[in-house]
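Overview (structure and organization)
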Amino acid sequence: LVDTKSLVVGKTEEASVFAFKAPEDSKEVKEEDLVSDQWLSDLEAGKALAKKTKRRIFLDFYAEW
């Protein structure tokens, strides 16, 4: 499926045409901000991290009866 307004075969373009250009209002994401897959065993540390990153807390309980 090709959905285009124009198609030219055999024409070459400069590599800069295909280079990624970030939007003006974008920002770099730091590694410390990417903590969604981090498991914590301290509830207070988890609450502090959730407040800092504005994310919710997921509690995983394990019990043997």
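Residues numbered from 1 in each chain as written. Predicted model: local features only at pLDDT ≥ 70, side-chain atom pairs only at ≥ 80, totals over all residues. Heavy atoms only, no water.

When you go through the protein chain residue by residue, the secondary structure sums to one helix and zero strands. Relative to the 2.2 N^0.38 estimate, which gives 11 Å for 65 residues, the radius of gyration of the protein chain is 23 Å and therefore markedly larger than a compact globule would have. Its C-alpha atoms put the protein chain at 70 × 30 × 15 Å along the principal axes. Here the protein chain holds 65 residues, and 5% of them are scored as buried. When the accessible surface of the protein chain is split by element, carbon and sulfur atoms take 54% of a total near 7500 Å². Taking the average location of the 11 positive side-chain charges in the protein chain and that of its 14 negative ones, the two points are 7 Å from each other. (Helix = DSSP H or I, 4+ residues; strand = E, 2+ residues; numbered from the N terminus. Rg over C-alpha atoms; globule rule 2.2 N^0.38 Å. Buried < 20%, exposed > 50% of the residue type's maximum accessible area, 1.4 Å probe, protein only. Areas by Shrake-Rupley, 256 points an atom, 1.4 Å probe, with all protein chains shown as cover. Lys, Arg positive; Asp, Glu negative; His and termini not counted. Charge placed at Lys NZ, Arg CZ, Asp CG, Glu CD.)

A few words on a positive patch on the surface. A cluster of like positive charges, contributed by Lys 27, Lys 30, Lys 52 and Lys 54, occupies part of the molecular surface. On the basis of relative accessible area, Lys 52 is assigned to the exposed category, the value being 60%. (Patch = residues over 30% accessible without salt bridge, like charges linked within 9 Å, V, L, I, M, F, W, Y side chains within 5 Å. Salt bridge = Lys/Arg side-chain N within 4 Å of Asp/Glu carboxyl O.)

Here we come to the pattern of salt bridges. Opposite charge on two side chains permits pairing when their charged atoms draw close. Taken as a whole and assessed by the stated rule, the structure comprises two salt bridges. For Glu 13, the salt bridge identified is with Lys 11, shortest N-O distance 3.4 Å. Using a relative accessible area of 43% as the deciding quantity, one classes Glu 13 as partly exposed. Linking Lys 47 and Glu 44 is a salt bridge whose minimum nitrogen-to-oxygen distance equals 3.4 Å.

Before going further, it helps to spend a moment on the environment of Ala 19. By secondary structure assignment, the location of Ala 19 is in the segment before α1 (43-53). Distance from Ala 19 to Val 8, taken between C-alpha atoms, is 20 Å for residues 11 residues apart in sequence.

This next bit is on unusual backbone geometry. Not every positive phi belongs to a glycine, and Lys 54 is a case in point at roughly 55°. Along the chain, the position of Lys 54 falls in the segment after α1. Owing to a relative accessible area of 76%, Lys 54 belongs among the exposed residues under this scheme.

Take it as geometry only, folks, not as evidence of what the structure does.
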